[in-house]
Amino acid sequence: MSDGGKQALWGGRFKGQSDPLFRRFNDSLPFDYRLLMEDIAGSIAWAKAIRRAGVLDDAELAQLLAALAELAILAQQNPAAPLGSGEEDIHSWVETQLIKRTGNLGKKLHTGRSRNDQVATDLRLWTRSQIDARQAELLDLQRSLVELAQRHKDCIIPGYTHLQRAQPVMLAHWCLAYVEMLRRDHDRLADARRRVNVCPLGSGALAGTAYQVDRTMLASDLGFDRPTDNSLDAVSDRDFVAETLAALALTGVHLSRLAEDMIIYCTQEFGFLELSDAVSSGSSLMPQKKNPDSLELIRGKCGRLIGAQNTLLVTLKGLPLAYNKDMQEDKEPLFDAMENAALAIRMAGIVLRNTRIREDVTLKAARGGYSNATDLADYLVARGVPFRESHDIVGKAVRHAIAAGKPLEELPLDELRTFSPLIADDVYAALSIDSCLSKRQIHGGTGRASVHNALHAAANRLGL
Ligand code: ARG
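Please read all numbers here as calculations on a predicted model, not as lab measurements.

Asker: Summarise a nonpolar patch on the surface; cite the residues concerned and give the values.
Answerer: On the surface, Leu206, Leu232 and Leu321 cluster together into a nonpolar patch covering about 280 Å² of accessible area. If you trace the backbone, leucine 232 turns up in helix α9 (residues 231–236).

Asker: Describe in detail the packing of helix α10 (residues 239–265) against helix α11 (residues 293–316), supporting the description with residues and values.
Answerer: Contact pair α10 / α11: the axes reach a minimum separation of 8 Å and the direction vectors enclose 160 degrees. What the angle tells us is that α10 and α11 run roughly antiparallel. Here α10 and α11 pass one another in a crossing that is left-handed.

Asker: Explain the packing of aromatic side chains to me, using residue names and the numbers behind them.
Answerer: How two aromatic rings sit relative to each other is set out by the distance from centre to centre and by the angle between their planes. What the rule picks out here adds up to nine aromatic pairs. With a centroid separation of 4.7 Å and an interplanar angle of 70 degrees, the aromatic rings of tryptophan 126 and phenylalanine 335 are classed as edge-to-face. In this pair, tryptophan 126 is assigned in helix α6 (residues 115–151) and phenylalanine 335 in helix α12 (residues 331–353), connecting sequence segments 209 residues apart. Both residues of the pair, tryptophan 126 and phenylalanine 335, count as buried. Here the aromatic rings of phenylalanine 270 and phenylalanine 272 are separated by 5.3 Å at their centres, their planes lie at 75 degrees, and the arrangement is edge-to-face. Since its relative accessible area comes to 22%, phenylalanine 270 is described here as partly exposed. One Lys or Arg, arginine 128, reaches over the ring of phenylalanine 224 and ends 5.2 Å from the middle of that ring. The ring of tyrosine 379 carries arginine 383 above its face, with NZ or CZ at 3.6 Å from the centroid.

Asker: Just give me the short version of the layout of surface pockets, but keep the residues and values in it.
Answerer: In this structure, the largest pocket encloses a volume near 480 Å³. Lining of the largest pocket is provided by 19 residues; of these, Tyr160, Trp174, Tyr178, Asp261 and Tyr265 occupy positions nearest its centre. Residue assignment for the lining of the largest pocket shows that the elements contributing at least two residues are β1 (156–161), β2 (164–170), α7 (171–196) and α10.

Asker: Lay out the packing of helix α14 (residues 373–382) against helix α15 (residues 387–404) in plain terms, naming residues and giving numbers.
Answerer: Taken N-terminus to C-terminus, the directions of α14 and α15 make an angle of 135 degrees; their axes are 8 Å apart at the nearest point. The angle between α14 and α15 places the two elements in the oblique class. The crossing of α14 and α15 is right-handed. The segment α14 lies against α15, with Ala373, Leu376, Ala377, Asp378, Leu380 and Val381 engaging Phe387, Ser390, His391, Ile393, Val394 and Val398. Counted by class, the contact of α14 with α15 contains nine nonpolar, two polar and one charged residues.

Asker: Please give an account of the site of the ligand that cites residues and values.
Answerer: Neighbouring residues of the ligand: Ser28, Asp32, Asp89, His91, Arg115, Asn116, Val119, Tyr323, Lys325, Gln328 and Lys331. For the ligand, a nitrogen atom lies 2.8 Å from a polar atom in the side chain of glutamine 328. Per-element accounting of the shell around the ligand gives the leading share, three residues, to α6. When the residues that make up the shell around the ligand are grouped by side-chain class, the tally is two nonpolar, four polar and five charged.

Asker: Please give an account of the environment of alanine 382 that cites residues and values.
Answerer: Among the secondary structure elements, alanine 382 is positioned in helix α14. For the pair alanine 382 and glutamine 309, spaced 73 residues apart in the sequence, the C-alpha separation amounts to 51 Å.

Asker: Explain empty space enclosed by the protein to me, using residue names and the numbers behind them.
Answerer: Under the defined criterion, the tally for this structure stands at one cavity of 30 Å³ or more. Taken together, Ile157, Leu171, Trp174, Tyr265, Phe272, Leu273, Ile357 and Thr362 form the lining of the largest cavity. Looking at side-chain class alone, the lining of the largest cavity contains seven nonpolar, one polar and no charged residues.

Asker: Please give an account of unusual backbone geometry that cites residues and values.
Answerer: Cis peptide bonds are those with omega within 30 degrees of zero, and the linkage from leucine 321 to alanine 322 qualifies with -5 degrees. Structurally, alanine 322 is set in the loop between α11 and α12. Residue leucine 163 is not a glycine yet carries a positive backbone phi of 55 degrees. When you line up the elements, leucine 163 lands in the loop between β1 and β2. Although it is not a glycine, tyrosine 370 sits at a positive phi angle of roughly 60 degrees. You can see tyrosine 370 is positioned in the loop between α13 (359–367) and α14.

Asker: How would you explain the pattern of salt bridges if you had to name every residue and give the values?
Answerer: Under the definition given, this model contains 34 salt bridges. Here glutamate 88 makes a salt bridge to lysine 325, at a shortest N to O gap of 3.8 Å. Within this pair, whereas glutamate 88 is found in the loop between α4 (58–77) and α5 (90–102), its partner lysine 325 is found in the loop between α11 and α12, the two being separated by 237 residues in sequence. Assessed through its relative accessible area of 35%, lysine 325 is described here as partly exposed. When the shortest N-O distance is used, the salt bridge between arginine 143 and aspartate 140 registers 3.5 Å. Residue arginine 143 and its partner aspartate 140 are located together in helix α6, separated by three residues, close to a single helical turn. Salt bridges here are not isolated pairs; linked through shared partners, they connect Glu274, Asp277, Lys290, Arg356 and Arg358.

Asker: Break down the side chain of threonine 244 for me, with residues and values.
Answerer: Relative to the elements of secondary structure, threonine 244 occurs in helix α10. Taking the relative accessible area as the measure of exposure, threonine 244 reaches 0% and is therefore buried.

Asker: Give a description of the nonpolar core that names residues and reports values.
Answerer: Core analysis: the biggest nonpolar cluster contains 102 residues, and Trp174 and Met262 have the highest contact counts within it. Ranked by residue count, the leading element in this core is α10, at 13 residues. In contact with methionine 262, other than residues within four places in its own chain, are Trp174, Leu273, Leu275, Leu295, Val351, Leu352 and Thr355. If you look at the next biggest cluster of nonpolar residues, it comprises 18 residues, including Tyr379, Ala401, Leu408 and Val427.

Procedures and definitions
Residues numbered from 1 in each chain as written. Predicted model: local features only at pLDDT ≥ 70, side-chain atom pairs only at ≥ 80, totals over all residues. Heavy atoms only, no water. Patch = residues over 30% accessible without salt bridge, like charges linked within 9 Å, V, L, I, M, F, W, Y side chains within 5 Å. Areas by Shrake-Rupley, 256 points an atom, 1.4 Å probe, with all protein chains shown as cover. Salt bridge = Lys/Arg side-chain N within 4 Å of Asp/Glu carboxyl O. Helix = DSSP H or I, 4+ residues; strand = E, 2+ residues; numbered from the N terminus. Axes fitted to C-alpha atoms, helices over the stretch in contact; angles between N-to-C directions. Parallel < 35°, antiparallel > 145°, perpendicular 65-115°, else oblique. Left-handed = near helix turned anticlockwise from the far one by under 90°. Phe/Tyr/Trp six-rings, centres within 6.5 Å; stacked < 30°, edge-to-face > 60°. Buried < 20%, exposed > 50% of the residue type's maximum accessible area, 1.4 Å probe, protein only. Lys NZ or Arg CZ within 6 Å of the ring centre and 35° of its normal. 1 Å grid on protein atoms, 1.4 Å probe; cavity = no way out; pocket = protein on both sides within 12 Å on 5 of 7 lines; lining within 4 Å. Points joined across faces, edges and corners; volume = space filled by probe spheres on them. Contact = heavy atoms within 4.5 Å. Nonpolar A, V, L, I, M, F, W, Y, C, P; charged D, E, K, R; others polar. Near = heavy atom within 4 Å. Polar contact = N/O pair within 3.5 Å; in protein donor to acceptor, adjacent residues only side chain to side chain. Core = buried A, V, L, I, M, F, W, Y, C linked by side-chain atoms within 4.5 Å.

Here it is as structure tokens:
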């Protein structure tokens, strides 16, 4: 919060005092202090750029760089140092600190620069490093899934559609399904990163800086691929935030679906898996309860990730060119989404490492529910019955089996043959779970060998 007495960067034109509530309303320091390191890095690069443009001499540059290095150390020791200073935003704080250390020289750094190109630059630098961190976390989560699959290499679970038992699948196949989603999430972040990684600095307030800075060199000093190509766009473009938030929102959806699967699987009704105490909590009232709070919160975080993207899109919609203060509202959703995506991704990995699968229960469930009915239909197809007809025959057989309270494979042969005389003794082998799986020996299918190959490939890719 502002102390109300600070002279703002733009104080010259003003005679009257700011209303205290306006100061509080307007100030972004309480959240944009997170850009401290990036603001220092941007300032270092800008100092070098205006030295090359002849605005500073070598001695002045050296002095400014020394002061900025000092600030960087301070920032490392205490990233929250700017808080409580009463400055308007992080850019003002850094400038004030520089002036404290170098006097009038510090006042030269902002030559040719605007907070509009500065904040866009800082936010791109921040987003870039956060994307890198999320990508590393996504890889680690994929490793947790692969490791769970490796611990239960031959485990079979029921596969569902409509949450009704459909066909048996390998647990590893289920794990690898989530690996695929996370791979795409990783890829989407990589794609977003390409458009994050361009340098708006040198765009000035909106029209381009009036100083002959070498923008290509400036961009490369900050690790950007290239400078932006239009100054109006550069200071008002927040697509890179929207794209990053979209990628995080979809990651959130994937994590939420993973969590939902696992929440269902650890109910007493399913009993497929057990979470260790490390990631569960109890009830204050019911002593017997062990709740999957970790998973529920992972599912819950998805809401704010989707919300963050919406917040930004609605904020940007209808803004005239170029910079408008509305755009200050880009930061909190981005900061919040990044922080909570990081937590959720990491938490999901920890939960998976604390998950025990009850292979006997999943096998029993996979055997039940008539999940081999398709295989009986395929059995008849192999004996010349057109699929649509065999589907109908098996439907009737299933209805009969349900009435008899037995699985298909426990119906005696003469009963089965009342549905089709083509059914012979070898039908029982065809109805076994191993046969159901081994038929799906196809790229992308749940056949044991296919899954083991896929698992091997994933483990290799992830350096396991
Ligand atoms: N705190 C501002 C933001 O986050 C910095 C840019 C302010 N620029 C301006 N012309 N008022 O967007």
